[in-house]
Amino acid sequence: MSHQSELISTDITAYLAQHERKELLRFLTCGSVDDGKSTLIGRLLHDSKMIYEDQLAAIQKDSQKVGTTGDKIDLALLVDGLQAEREQGITIDVAYRYFSTSKRKFIIADTPGHEQYTRNMATGASTCDLAVILIDARHGVQVQTRRHSFITSLLGIRHIVVAVNKMDLVDYSEERFEEIKKDYLEFRKNLPDAEFHFIPMSALDGDNVVNNSTNMEWYDGPTLMWLLENVELAEDKNYQDFRLPVQYVNRPNLNFRGFCGTIASGVVRKGDEIIVLPSRKKSRVKSIVTYEEELELAFSDMAITLTLEDEIDVSRGDMIVHRDNQPAVTDEFEATVVWMIEEPLLPGKLYDFKLAGKTVSGRVNAIKHQIDVNTLAENPSPSLELNEIGVCEISVDQPVCVDAYTKNRNTGSFIVIDRLSNVTVGGGMISSDATTKKRRNRSSTTHVTREERAARYGQKPATVMFIGVSGSGKSTLAHGLERRLFDLGRVSTVLDGKAMRLGISKDLPHDAEGRAENLRRSAHVARFINDSGLICCAAFVAPNPDSREHAISVIGKDNCHIIYLNPPIEVCQQRDPSGIYAAAEATGSADIPGISFPYAPPENVALELDTDALSVEDCLDKVVELMQETGILNAR
C-alpha cells in the first residue's frame, strides 16, 4: 500500500519512477505473547492513513465478534488473519505487510511470540534490517524478550527499537520506563553491539507510534514512524567484498555468453579483474548488462549479467569475485543452526545444503553445543530438536564459497534440505570457515570414545536380548526391532544365536553346554557392538541361568535388558521354524530345551511377553516403550 501523492492523478509514470527509487526497509516486530505486536502494526498503518476504507469497515465488524479491546477497534485483526490467531488472540505464523510513505518503502514481518514458533520468528527475521522488540510495561523484560533479542542478534540485525508498550496501564510512568530500559541493557551486555532506541508507547491509543504523545511530556525522543523513516541503512551494506553467485548462464546466440545473478555484496566495474570460484579461472569484466541498458558499475542487490573477456567455464553455483578479495573455498565449516522440523537433526545423516545458489550434499559431523535461547547457556547435546539452536561442525562433498555471516549475510547463510522430502529442515549462519588446523585439532585425540559414538548416533548403546525356547519368536522380534529402530533413525544390528553357529561358534555341539558357551562367546560380541555406539538386538535360547548371568556381567547390568518370550510350548512346536522339534521326534534327541529337559525361566527380566497372545507389532510396541523408559531412546 502506498502513501497518497498528487502525482498519482497527474503523472502516474513519474509517481511510479519516484516510488521505485525509494529505499526499502524490512523490519519485524517481536516480543512476548500479548505484548501488542499486531496491535502496533495495525496502529502504524491506521495512523499513517494506510488502511483502505473497506478494510477498516471489515476490522470494525470483526472487532465486535473476536476483538479483545472492548469498545475500541481491534487493530490487531488487520494482521492476525488466521482463524486460530483470531480465536486465541495470538500470532502463530509470520504475517507480512507492505506500505510506504513519502520517504521510504516498508515490509513488516509480524512474528509470533510463543516458544514453539521460534522457527517462524527466525524465518521472519532472516531478511530484516531492523527489529522492533515490544515489552509490556507491566511485566518488563521476560524470557521471550531475551529469546527474541538473542535471535535478532544471531541473525545480524543491527538496529533495535525497544518499544515499551502499554504505558497507559502503568500511568505513563517515567520511572517504570527507565527501569525496563536499564534491565534490558543489562541483559544485552552479553550480546554483540547494536544501535538501540527506546520508545515508551501505547499502541492501543497511538501514543508515540506515529504522533507524539501528550501523555508522556517527559519523553522528548522520536516516534516509531520517525525512526523507521530516518534510520541509516547505508552503513549496513557490504560494498567492500564483491560476490556474484551465478544463477544462470545466458547464451541466446553464438555471439553472447553472460553470467546472470544478483550481487550479494560489493561493487563491480567494467575492466575489473575477477576470478571464478571454485575453479579459480581468471578473466576481466567486459560488460555489465541489465534488461534496460549496459552499466559502468553495479553494486549490492542489483540483478545483472556479466560478460567476460575470456571464454572460461562458468556454471550455475559458481561465484565470481575480485581476484584480490576472495571468500573461503572449503568443504568444511562451522555454523550456528536453527532446526525447524519435529524430526531431530542427526549428526552423520546426509542432508542437502543450499549456499548462495549452490546445492551440495553434506552432513553435520558434530554438534559442539546447543544454545539455551532463554539463558544463553551452552549445553552439550547429541542432536537438535524442533526450534533448538546449536553450533555445529559441517562438512560437504564439494568445495563451497563462504564468508562469515557477520561479514556477509548472503554468502554466510544457508538452508538445510531433507533429501527425501525436499523440505527445508533448518537454516544456518556460518561463524568461521574450516581450516586444516581445525581438522588437525579435532583429530588430535586419536581414540573415539564410547560416549562420543553415543553422541554421534544420538542413542544410549545397549543390548536388548530376547530369550526363550525355539519357536518363541526371538529372531522375529530381534529383526522387527532393528527395523523399528532404523525407521526411528537409530543405529542397531541383530546378533542371532543361529548366525553365531555359522561362524565363531561353529565348533560347538547342539546340547545344553554348547548353547551356554555360544551365549558366553556372543556376550563379548554384544559388548563390542555396544562399545561401538550401536544398539544390539540379540536372540538366544539361553536355557542355562549361569550362562545368562555371565552374559549380563560381560555386557553390563545397566546395558543388558532381558526380554523373556514365554508362549505355550505347544505353540512353539507348531511353529518349529528350525525343524528341531520334528527332528527330535524322529531321532529321539535329548537336547531340546523345554522338551528333553525343563527350560529354567529367568528370575529377573525387564519384560515378559506371551508371543501367542500378542502380535508381533504389539510386542515391539512394548519393547520400544521399555527402551524409552530406560533412556535408550531418550538420549537426544
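Note that the structure is a prediction, hence the values are computed from the model and not measured. (Residues numbered from 1 in each chain as written. Predicted model: local features only at pLDDT ≥ 70, side-chain atom pairs only at ≥ 80, totals over all residues. Heavy atoms only, no water.)

1. What to know about the overall build of the protein
Now for step 1: Helix and strand content of the protein: 18 helices and 28 strands.
Now for step 2: Relative to its 636 residues, the protein shows a buried fraction of 52%.
Now for step 3: Pairs at least 24 residues apart make up 71% of the contacts formed inside the protein by residues separated by at least 6 positions.
Now for step 4: Accessible surface computed for the protein: about 30,100 Å², of which carbon and sulfur atoms make up 48%. (Helix = DSSP H or I, 4+ residues; strand = E, 2+ residues; numbered from the N terminus. Buried < 20%, exposed > 50% of the residue type's maximum accessible area, 1.4 Å probe, protein only. Contact = heavy atoms within 4.5 Å. Areas by Shrake-Rupley, 256 points an atom, 1.4 Å probe, with all protein chains shown as cover.)

2. Overview of the side chain of Ser475
Now for step 1: Turning to its location among the elements, Ser475 is positioned in helix α12 (residues 474–487).
Now for step 2: Of note is the side chain of Ser475, whose polar atom sits 2.6 Å from the side chain of Asp496.
Now for step 3: Those residues in contact with Ser475, other than ones at most four positions away along the chain, are Asp496, Lys498 and Ala539. (Polar contact = N/O pair within 3.5 Å; in protein donor to acceptor, adjacent residues only side chain to side chain.)

3. A short note on the packing of helix α6 (residues 118–125) against helix α7 (residues 143–154)
Now for step 1: Where α6 contacts α7, the two axes come as close as 10 Å, and the packing angle between them is 40°. Accordingly, the angle class assigned to the pair α6 and α7 is oblique. Note that α6 runs across α7; the crossing there is right-handed. Here Thr118, Met121 and Ala122 of α6 lie close against α7, whose contacting residues are Arg147, His148, Ile151 and Thr152.
Now for step 2: Taken together, the residues of the contact of α6 with α7 sort by class into 3 nonpolar, 3 polar and 1 charged. (Axes fitted to C-alpha atoms, helices over the stretch in contact; angles between N-to-C directions. Parallel < 35°, antiparallel > 145°, perpendicular 65-115°, else oblique. Left-handed = near helix turned anticlockwise from the far one by under 90°. Nonpolar A, V, L, I, M, F, W, Y, C, P; charged D, E, K, R; others polar.)

4. Some thoughts on the sheet that holds strand β26 (residues 535–540)
Now for step 1: Strand order in the open sheet formed by 5 strands is β25-β26-β24-β27-β28, and the pairing between neighbours is parallel. Every other strand in the sheet has two partners, leaving β25 (492–496) and β28 (607–609) as the edge strands with one partner each. Geometrically, the sheet is characterised by an average inter-axis angle of 20° between neighbouring strands, direction not taken into account.
Now for step 2: Pairing between strand β24 (residues 463–467) and strand β27 (residues 560–565): 5 bridges, direction parallel. Opposite Val464, over in β27, you have His561 as the bridge partner.
Now for step 3: Sitting on the sheet, helix α18 (residues 616–629) touches β24, β26, β27 and β28, and the angle it makes with β28 is about 175°. (Pairing = 2+ DSSP bridges.)

5. A word on the confidence of the model for the protein
Now for step 1: Summarising the model, the protein shows a mean pLDDT of 84, and 86% of its residues fall at 70 or more.
Now for step 2: Counted against residues more than four places away or in other chains, residues 81–92, with its pLDDT under 50, gives 29 contacts.
Now for step 3: Low confidence marks residues 433–441, where pLDDT is under 50. Its contacts with residues over four positions away, or in another chain, come to 14 contacts. (pLDDT = per-residue confidence, 0-100.)

6. Looking at the sheet that holds strand β3 (residues 104–110)
Now for step 1: Read from one edge to the other, the open sheet built from 6 strands follows the order β2-β3-β1-β4-β5-β6, with strand pairing classed as mixed. The outermost strands of the open sheet, each flanked by one partner alone, are β2 (95–100) and β6 (195–200). Strand after strand, the sheet turns through a mean of 20° between neighbouring axes, direction not considered.
Now for step 2: Bridge analysis of β2 against β3 gives 6 bridges, and the strand direction is antiparallel. Counterpart to Tyr98 in the pairing with β3 is Ile107.
Now for step 3: Strand contacts of α7: β1 (23–31), β4 (130–136) and β5 (159–165), with the helix running at about 170° to β4, the strand carrying the most contacts.
Now for step 4: Against the sheet, helix α8 (residues 174–188) makes contact with β4, β5 and β6, and its axis sits at roughly 155° relative to β6, the strand it touches most.

7. Some words on the nonpolar core
Now for step 1: Membership of the largest hydrophobic core comes to 37 residues, with the highest contact counts inside it found for Leu28, Phe150, Met167, Tyr184 and Ile389.
Now for step 2: Mapped by element, the contributors of at least two residues to this core are β1, α6, β4, α7, β5, α8 and β21 (389–402).
Now for step 3: Element by element, the count of residues in this core is highest for α8, at 4 residues.
Now for step 4: Residues contacting Ile389, with those up to four places away along its chain left out, are Phe150, Ile151, Leu154, Thr336, Val337, Val338, Gln370, Ile371, Val373 and Leu384. (Core = buried A, V, L, I, M, F, W, Y, C linked by side-chain atoms within 4.5 Å.)

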